[in-house]
Amino acid sequence: MAGGAVPVEVVPAIDDDLRAACVALEVEPDQRRFVSPVVDYLALCDRPGSPWRPFAVLNGDLVVGFVMHGIDPDDDSAWIGGLVIDRTRQRQGIGRAVVDLLVARAAAEGRSSALSYEPANAGAKALYALAGFVETGETEGDETVARHPL
């Protein structure tokens, strides 16, 4: 469970049922320009040599989200990517709980955390800033990089 009030669990999305539940997740129409369909994130995770690992976000027994997690081979930081919370479960603290949980896991391993988001994605920027991420001036493609210190 994450440090917040919302009980979430992040489990490897490796079986067909979890993957199908993740693919079925939907975001609000105005968010679609900022996130890819989960099937695209799963394909990225499945590429040979990919540092990304797929995870289902559970609230109880219900799959309510998806997230990718990977270790950057260049600086050993833990990256969070592809965070998707189903539109029916947004604004309930689930996204924040997932981020807090992954940051805590990385810190327990002695790693800082990093992520990136599109500059126009005000919701992501606000969420990550509240979770302690600070923009670094770095970019990843067209996205802004933010890091959470140890």
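Here is what the cut-offs are and how they apply
- Residues numbered from 1 in each chain as written.
- Predicted model: local features only at pLDDT ≥ 70, side-chain atom pairs only at ≥ 80, totals over all residues.
- Heavy atoms only, no water.
- Helix = DSSP H or I, 4+ residues; strand = E, 2+ residues; numbered from the N terminus.
- Buried < 20%, exposed > 50% of the residue type's maximum accessible area, 1.4 Å probe, protein only.
- Contact = heavy atoms within 4.5 Å.
- Areas by Shrake-Rupley, 256 points an atom, 1.4 Å probe, with all protein chains shown as cover.
- Lys, Arg positive; Asp, Glu negative; His and termini not counted.
- Charge placed at Lys NZ, Arg CZ, Asp CG, Glu CD.
- Pairing = 2+ DSSP bridges.
- Expected span 1.5 Å × (residues − 1).

*Asks:* I tried to follow the overall build of the protein on my own but got confused; where do I start?
*Replies:* Secondary structure summary: the protein contains four helices and seven strands in total. Along the protein, from the amino end to the carboxyl end, the secondary structure elements read β-α-α-β-β-β-α-β-α-β-β. Along the first, second and third principal axes, the C-alpha atoms of the protein reach 35 × 35 × 30 Å. Here the protein holds 150 residues, and 46% of them are scored as buried. Long-range pairs, those at least 24 residues apart, make up 57% of the contacts in the protein between residues at least 6 apart in sequence. Counting every atom, the protein has about 7900 Å² of accessible surface; 53% of that belongs to carbon and sulfur. Here the protein carries 13 positive and 23 negative side-chain charges, and the mean point of each set is 4 Å from the other.

*Asks:* I'm lost on the pairing of strand E3 (residues 62-71) in this one. Help?
*Replies:* Strand residues, when the strand is regular, have side chains that alternate between the two faces of the sheet. Counting buried residues along E3, eight of its ten residues qualify, which places the element largely inside the surrounding structure. Hairpin connection from strand E2 (residues 52-59) to E3: two residues lie between these consecutive antiparallel strands, with Gly60 at a positive phi of about 70°. Across six bridges, the pairing between E3 and strand E4 (residues 78-85) is antiparallel. Of the residues in E4, the one forming a bridge with His69 is Ile80. Between E3 and the antiparallel strand that follows it, E4, lie six residues; Asp76 among them carries a positive phi value of about 65°.

*Asks:* So what exactly am I meant to see when it comes to helix H3 (residues 94-108) here?
*Replies:* Think of an α-helix as 3.6 residues a turn; residues three or four steps apart then line up on the same face. Across its 15 residues, H3 extends 21 Å between first and last C-alpha, which sits within 8% of the 21 Å expected from 1.5 Å per residue. Of all the positions in H3, only Ile94, Gly95, Ala97, Val98, Val99, Leu101, Leu102, Val103 and Ala106 are classed as buried.

This is a description of form; function is not addressed.
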